[in-house]
Amino acid sequence: MPIIAFIEVDCAAGALREVAAEIADDPHLITIEHVTGARDLVLTVWLRSPEDIGAFEARPADRFPELAVVDRAVALWQLKIAGHLLDPRGRHIRGVPVTFWEEPEAERAEDALLERLGVPR
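Keep in mind that this is a model prediction, so the values were computed, not measured.

Caption draft 1: Structural context of the environment of Gly-118. As for its placement among the helices and strands, Gly-118 is situated in the segment after helix H3 (104-117). Taking relative accessible area as the criterion, Gly-118 reaches 59% and is therefore assigned exposed. Remark: the alpha-carbon pair of Gly-118 and Gly-37, spanning 81 residues in sequence, is separated by 28 Å.

Take a look at the structure:
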């Protein structure tokens with residue numbers, strides 16, 4: 001049964017961008033966050049089984065010796081994903097419409113950020 005794992009990573013400050021860019025290309029990666037606190041990165045990955053976590057962690061660790069996986073957690077039951085409620089085995093129970101709401105202030109903040117980054121809207 002597919003699982004979602006959360007992997008906490010420490011990395012040398014000078015290599016953070018390169019490491020994040022390398023990890024971002026992995027098709028198992030759902031999200032990668034640069035976070036404050038005790039860790040540098042938190043990765044959310046979708047894997048076939050818990051046994052696949054070690055292989056996933058080894059790929060960037062082999063290429064970047066300055067990377068250290070320091071903790072991991074596995075979601076025991078993903079209740080909802082992409083608009084689907086799931087049973088404990090990951091099977092579809094029913095759909096839940098994905099709706100969007102308007103927040104003009106948030107949209108202005110996003111536009112300002114994209115403009116600062118030089119990214120077209």
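The discussion continues.
Caption draft 2: Broad picture of the sheet that holds strand S2 (residues 29-34). Pairing is antiparallel in the open sheet, where four strands are placed in the order S2-S3-S1-S4. Both outer strands of the open sheet, S2 and strand S4 (67-74), are each paired with one neighbouring strand and no more. Strand-to-strand twist of the sheet, defined as the mean angle between neighbouring strand axes without regard to direction, takes the value 20°. Relative to S4, strand S1 (residues 3-11) is paired through seven bridges, and the arrangement is antiparallel. In the sheet register, Ile-7 faces S4, and the bridge partner there is Arg-72. Each of S1, S2, strand S3 (41-47) and S4 is contacted by helix H1 (residues 16-24), which is oriented at about 165° to S2, the strand it contacts most. Contacts between helix H2 (residues 53-63) and the sheet are confined to S1, S3 and S4, with S4 contributing the most and set at about 160° to the helix.

Caption draft 3: Broad picture of empty space enclosed by the protein. Under the definition given, this model contains one cavity of 30 Å³ or more. Approximately 30 Å³ is the volume found for the largest cavity. Of the residues contributing to the lining of the largest cavity, the split by class is eight nonpolar, no polar and one charged.

Caption draft 4: Spatial organisation of the sheet that holds strand S5 (residues 80-81). The strand order across the open sheet built from three strands is S5-S6-S7, with neighbouring strands paired in antiparallel fashion. Every other strand in the sheet has two partners, leaving S5 and strand S7 (92-95) as the edge strands with one partner each. When strand S6 (residues 84-86) meets S7, the two strands line up antiparallel, connected through three bridges. Bridge pairing links His-84 to Gly-95 in S7.

Caption draft 5: Representation of the nonpolar core within the structure. Ile-7, Val-19, Leu-43 and Val-45 are the most contacted members of the largest nonpolar core, which has 18 residues in total. Secondary structure elements with two or more residues in this core: S1, H1, S3 and H2. Top element by residues in this core is S1. It accounts for five residues. Residues within four places of Ile-7 in sequence aside, it is in contact with Leu-41, Val-42, Leu-43, Val-45, Ile-53, Phe-56, Glu-57, Val-69, Asp-71 and Arg-72.

What counts, and where the lines are drawn
Residues numbered from 1 in each chain as written. Predicted model: local features only at pLDDT ≥ 70, side-chain atom pairs only at ≥ 80, totals over all residues. Heavy atoms only, no water. Helix = DSSP H or I, 4+ residues; strand = E, 2+ residues; numbered from the N terminus. Buried < 20%, exposed > 50% of the residue type's maximum accessible area, 1.4 Å probe, protein only. Pairing = 2+ DSSP bridges. Axes fitted to C-alpha atoms, helices over the stretch in contact; angles between N-to-C directions. Contact = heavy atoms within 4.5 Å. 1 Å grid on protein atoms, 1.4 Å probe; cavity = no way out; pocket = protein on both sides within 12 Å on 5 of 7 lines; lining within 4 Å. Points joined across faces, edges and corners; volume = space filled by probe spheres on them. Nonpolar A, V, L, I, M, F, W, Y, C, P; charged D, E, K, R; others polar. Core = buried A, V, L, I, M, F, W, Y, C linked by side-chain atoms within 4.5 Å.

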